[in-house]
Amino acid sequence: MATQFADPPLKGIRVLEFAGLAPGPFAGLLLSDYGATVLRLDRPPPPNAPSTPSDQLTRRKTSITLDLKSPGGVALVKKLLPEVDVVIDPFRPGVLEKLGLGPDVLLGLNERVIVARMTGFRRDGKYKDMAGHDINYIAVSGVLSLFGRHHEKPYPPGNLVGDFAGGGAMCFIGILLALLSRHGTGKGQVVEANMVDGSAVLATMPRLGLKTDVWRRQRGTNLLDGGAPFYDTYETQDEKYMAVGAIEPQFYAALLRGLGVSASELPGDRDRREDWPVLKQWFEKKFKTKTRREWEDIFDGTDACCTPVFSHQELEAQGHEQRPAVTLTGSPGYAVQEGGEGRKAATGQGKGVRGSGWSEEGLRAGEEGEETLKAWVGWSKGRQYGVEKGGMVWLDSAKL
């Protein structure tokens, strides 16, 4: 028997997402995971465009194509605005305004709409008119300076901290706050998100720690940034890795038991920072004496805070299930992993999506968007809108 849940919490929320790079689409993906209907506005693709879409953050979204430099394309957006709850603007400052679709215009058309604006640099900062990427945003926020080994240059941690955590996820939170506010006031508003401030908030703990003993030393020599021998990764005999996070004394004791050594046999004291380098060398040699699988067998089920470092390829092969970001026990988000209807709240509701979160075919420009317009507002081609040069336009003769 299928498990019965209430609808996901954002069901009924309609989102227009202007096509853009990772942070905006990620915010839209999170909204769609929790029930919102997300319609992406794509530019008409050129004749020789690649058949494989570049944006893979498209789970459960649909698309229509619009030439926003066309009066008919802009008119269609304006006609649709009264029926929309959220607009995601991923562009650099001033782009929507030049198109005649700035926040004042959008809120004038629909006082309940939430305009979520996602930028890299602050809109009012010295870099506001400059191009940039994740590495630049976390650089000027101070966060990039925290990543790296001692005596090595700062290294970018992929594009997770700026684009996704400090950008898209923070924008998602802002949208939820604005929806909550609208519930009480009946009014929409503009959500201003940027990756400089977003990533800086994520670094609150280390930033405050810079003035305490926790993080006041040089990069790569502190407790949580690779300086401590009991908080690091170690290569195993088979060239894989184990992660050690045995900070507390009782967890450290469990680690030593698993390693088959007593504290008195070690070449140093964990509580003496000057002993950390020699202890780290000892751990490096010790972990190379066994394979990762052998260390897993020793530490699984213990409180040693010692776990394998899995790759995504390994997790996929093991059948690791991708799930929604958080569990709502009564009204969970939609499932990611493919499967039947009867499942626990933690895994999400519904049958999941093709690829189960491990692969995504992407969303082609114009894919299934006409069906979304039909469902939202009852529009159909030839009556309310037509197509010119590959993009939808509002028909002057249309009657609502």
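Our structure is the block above this text.
Below: a short report on this structure. (Residues numbered from 1 in each chain as written. Predicted model: local features only at pLDDT ≥ 70, side-chain atom pairs only at ≥ 80, totals over all residues. Heavy atoms only, no water.)

Let's shift gears to the side chain of T58. Within the secondary structure layout, T58 lies in the loop between strand 2 (37-42) and strand 3 (62-65). Judged by relative accessible area, which is 4%, T58 ranks as buried. Looking at T58, its side chain comes within polar contact range of the side chain of E360, at 3.4 Å. With residues up to four places along the chain from it excluded, the contact list for T58 reads L29, R40, E360, G362 and L363. (Helix = DSSP H or I, 4+ residues; strand = E, 2+ residues; numbered from the N terminus. Buried < 20%, exposed > 50% of the residue type's maximum accessible area, 1.4 Å probe, protein only. Polar contact = N/O pair within 3.5 Å; in protein donor to acceptor, adjacent residues only side chain to side chain. Contact = heavy atoms within 4.5 Å.)

Right, let's get into helix 9 (residues 249-259). Residues of helix 9 that are buried: Y252, A254, L255, L256, G258 and L259. Buried residues along helix 9 sit in contact with strand 8 (241-245), helix 10 (276-287), helix 11 (292-299) and strand 9 (306-308).

Before going further, it helps to examine the nonpolar core. Most often, soluble globular proteins keep nonpolar side chains buried together rather than apart. Counting residues in each nonpolar core, the largest one holds 29 residues, and the members touching the most others are L10, V15, L31, V86 and I175. Mapped by element, the contributors of at least two residues to this core are helix 1 (23-33), strand 4 (86-89), strand 5 (114-119), helix 6 (160-185), strand 6 (190-194) and helix 7 (195-202). With sequence-adjacent residues up to four places away left out, L31 is seen in contact with L10, V15, A36, I88, F172 and I175. Within the second largest apolar cluster, 27 residues are counted, among which are L66, V77, L80 and W376. (Core = buried A, V, L, I, M, F, W, Y, C linked by side-chain atoms within 4.5 Å.)

Let us now look at helix 7. Regarding helix 7, the residues found buried are M195, V196, G198, S199 and A200. Buried positions along helix 7 lie against helix 1, strand 5, helix 5 (134-140), helix 6, strand 6 and helix 8 (204-209). With a side-chain oxygen positioned 3.1 Å from the backbone nitrogen of V196, the residue opening helix 7 is N194.

So, about the environment of V353. The residue V353 is located in the loop between helix 12 (312-318) and helix 13 (369-377) in this model. Linking V353 and P154, residues 199 residues apart in sequence, is a C-alpha distance of 38 Å. Excluding residues that lie within four positions of it along the chain, V353 makes contacts with R59, R60, A335, V336 and E338.

What follows deals with the packing of helix 9 against helix 11. Running from N to C, helix 9 and helix 11 point in directions that differ by 125°, and their axes come no closer than 10 Å. Relative to helix 11, helix 9 is oriented oblique. Relative to helix 11, the crossing made by helix 9 is right-handed. Only W295, I298 and F299 of helix 11 make contact with helix 9, whose side of the interface consists of A254, L255, G258 and L259. Across the contact of helix 9 with helix 11, the residue classes tally to six nonpolar, one polar and no charged. (Axes fitted to C-alpha atoms, helices over the stretch in contact; angles between N-to-C directions. Parallel < 35°, antiparallel > 145°, perpendicular 65-115°, else oblique. Left-handed = near helix turned anticlockwise from the far one by under 90°. Nonpolar A, V, L, I, M, F, W, Y, C, P; charged D, E, K, R; others polar.)

To continue, consider the state of the cysteines. Applying the stated criterion across every chain, the model contains zero disulfides. Unpaired in terms of disulfides, C305 finds its nearest cysteine sulfur in C306, a separation of 8.9 Å. C305 sits in the partly exposed class, given a relative accessible area of 32%. (Disulfide = S-S within 2.5 Å.)

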